[in-house]
Amino acid sequence: MFKLTPRAWLNTLFLLGTLVLALVLVPWKLATQGLRLSEVLVFLVMYSAIGLSITVGYHRLFSHRAFRATWPLRLLALLLGAAAFQNSALAWSSDHRHHHRFVDDTERDPYPVRKGFWYAHWLWVMEAKERPMDSVGDLQQDPLIRWQHHYHFWIGAAVAALPVLAVGWMTRNLIGQLVIGLLLRIVATHHSTFLINSAAHWFGTQPYTDTNSARDNAFLAPLTFGEGYHNYHHMWQWDYRNGPRWYQWDPAKWLIAAAAWVGLARGLRRVPDTEIQRAKVAMEARLLVATLAADAHQAKSTLEAAHARVDAALSALQTRLDAWQVKKTEWKAKGHAQAEAWSVLRGEWKIQRTQLRQDLQSAWADWRRARQQVKRQALA
Ligand SMILES: [Zn+2]
Ligand SMILES: [Zn+2]
């Protein structure tokens, strides 16, 4: 049941007001004045800068601590993030940490999709339920975050409006810039973020886990600078990437890696590739077993044996990779005095790695065969 608190009124008025105004003013503007290149550019720059600040800053940095950032980067994310008008970074992160901790719980998840697509999308914002800020003690230590928490609306208003007004004044096109660069941009930023809470828990695939409603959805990634791979994200929320594969559209991960390269970020956390593969094969095995008839014992045991082989091969490879990482760190600390011994060690390592990769490949081939067999059996 909605309680109409002053905050709920304010949120509802802001969300509906900006949407209705955009639905009326944007078509009017296009019909009477057309669309100028400068308006498109201002829209794209503001949408990208602010959207990236939500994805990189509010989400991966503050909510998940997926990497550490120097103060100029944190300040930039806080200034631009405020212009998304999605509350302060502190409140946003508090809600988001509850979302991960209690995902799909209709009482404790702030935006559970189980209460309906539109509830998870934006009705929860309109409801503006008071929630305890009991999970953001670490963020409250940061004076920049505390400052933004107090003034986020005014910071957001200044950052959202001033560049748009400046360009509008210079190009003698205040109204056009305000409609496209400010109003339409605010609505677009709102709903692209909201789609992650609604659509990314509704449409898409579940390659890593089906213990919660989160889904991978490549169509949502371009709108949110990489947040579409939500099944992966709910599995490993602390990874600085959402799309771990090189071809998955995740500009936020590229930006974070670039920030690390120039010294603005460090401590980037990532899941080992072997762990990702193991989760994927375990999920496939579970789904296949579920499709088999109850009496298909032989097929089940073939499948389980093949799964166990892939699992063991991945484990062996990861153990070896970890051991090698330790060796390399030790070696770096010692300096390069014994270069010859180093080259022997590296040679041995390469042979071992090749062997382990061959084992893994043949385990994957076994797995594919077992999968085919089970699929045939399931159809029979
Ligand atoms: Zn989620
Ligand atoms: Zn998250």
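Calculation rules
Residues numbered from 1 in each chain as written. Chains lettered and ligands numbered in written order. Predicted model: local features only at pLDDT ≥ 70, side-chain atom pairs only at ≥ 80, totals over all residues. Helix = DSSP H or I, 4+ residues; strand = E, 2+ residues; numbered from the N terminus. Buried ≥ 20, exposed ≤ 12 C-beta atoms within 10 Å, placed from the backbone. Contact = placed C-beta atoms within 7 Å. Axes fitted to C-alpha atoms, helices over the stretch in contact; angles between N-to-C directions. Parallel < 35°, antiparallel > 145°, perpendicular 65-115°, else oblique. Left-handed = near helix turned anticlockwise from the far one by under 90°. Core = buried A, V, L, I, M, F, W, Y, C linked by C-beta atoms within 7 Å. Domains from an automatic or database assignment. Nonpolar A, V, L, I, M, F, W, Y, C, P; charged D, E, K, R; others polar. Expected span 1.5 Å × (residues − 1).

A few points about the overall build of the protein chain
- Counting its regular elements, the protein chain contains 13 helices and two strands.
- C-alpha atoms of the protein chain, sized along the principal axes, occupy 70 × 65 × 45 Å.
- When the 380 residues of the protein chain are sorted by exposure, 36% land in the buried category.
- Long-range contacts, defined here as pairs at least 24 residues apart, represent 69% of the contacts in the protein chain between residues at least 6 apart.

Observations regarding unusual backbone geometry
- Despite not being glycine, D104 has its phi angle at roughly 75 degrees, a positive value.
- Along the chain, D104 falls in the loop between α4 (89-101) and α5 (117-127).
- In this model, F225 sits at a positive phi of 60 degrees, which is unusual for a non-glycine residue.
- For F225, the position within the fold is in the loop between α8 (174-197) and α9 (230-235).

A closer look at the packing of helix α2 (residues 37-63) against α8
- Two elements in contact, α2 and α8, have axes separated by 9 Å at closest approach and are oriented at 30 degrees. Classified by the angle their axes make, α2 and α8 are roughly parallel. As α2 packs across α8, the resulting crossing turns out to be right-handed. In this structure, α2 contributes E39, V42, F43, M46, Y47, I50, G51 and I54 to the contact, and α8 contributes G176, Q177, I180, G181, L184, R185, A188, T189, S192 and T193.

A word on the environment of A308
- One can find A308 in helix α12 (residues 297-334).
- According to the C-beta neighbour criterion, A308 is partly exposed, with 13 such atoms within 10 Å.

What about the environment of A69?
- With respect to the helices and strands, the residue A69 is situated in strand β1 (residues 68-69).
- In contact with A69, not counting residues within four places along its chain, are L61, R74, L264 and A265.

Section: the nonpolar core
- Of all hydrophobic cores here, the largest spans 40 residues; its most connected members are I50, L61, F67 and A83.
- For this core, the leading source of residues is α2, giving 11 residues.
- For I50, the contacting residues outside a window of four places in its chain are L80, A83, A84 and T189.
- Counting residues in hydrophobic clusters, the runner-up holds 14 residues, among them V281, V310, L317 and V374.

Section: the domain arrangement of the protein chain
- When cut into domains, the protein chain gives domain 1 (6-266) and domain 2 (273-379).
- A C-alpha centroid distance of 37 Å is found between domain 1 and domain 2.
- The interface is formed by five residues belonging to domain 1 together with four residues belonging to domain 2.
- When the residues that make up the side of domain 1 that touches domain 2 are grouped by side-chain class, the tally is four nonpolar, one polar and no charged.

Description of α5
- Restricting attention to buried positions, one finds in α5 the residues A120, H121, W122, W124, V125, M126 and E127.
- Residues of α5 that are buried make contact with α1 (6-33) and α8.
- The positive-phi residue at the C-terminal boundary of α5 is A128, with phi of around 50 degrees.

What to know about the packing of helix α3 (residues 71-82) against helix α7 (residues 143-170)
- Remark: α3 packs on α7, axes separated minimally by 7 Å, with the N-to-C direction vectors making an angle of 45 degrees. Relative to α7, the element α3 lies oblique. Crossing angle aside, the handedness with which α3 passes α7 is right-handed. Between α3 and α7, the residues in contact are W71, R74, L75, L78, L79, L80 and A82 and L144, I145, Q148, H152, I155, G156 and V159, respectively.
- Here the residues of the contact of α3 with α7 sort into 10 nonpolar, three polar and one charged.

Some words on the environment of A221
- Inspection of the secondary structure puts A221 in the loop between α8 and α9.
- Separated by 135 residues in the primary sequence, A221 and Q86 have C-alpha atoms spaced 19 Å apart.
- Discounting residues that sit within four places of it in the chain, A221 has contacts with G226, E227, G228, Y229, G243, W249 and D250.

Some thoughts on α3
- In a regular helix each residue adds 1.5 Å, so 12 residues correspond to 16 Å; α3 covers 16 Å between its end C-alpha atoms and thus fits that length.
- Looking only at α3, the buried set comprises R74, A77, L78, L79, L80, G81 and A82.
- The secondary structure elements touched by the buried residues of α3 are α2, β1, α4 and α7.

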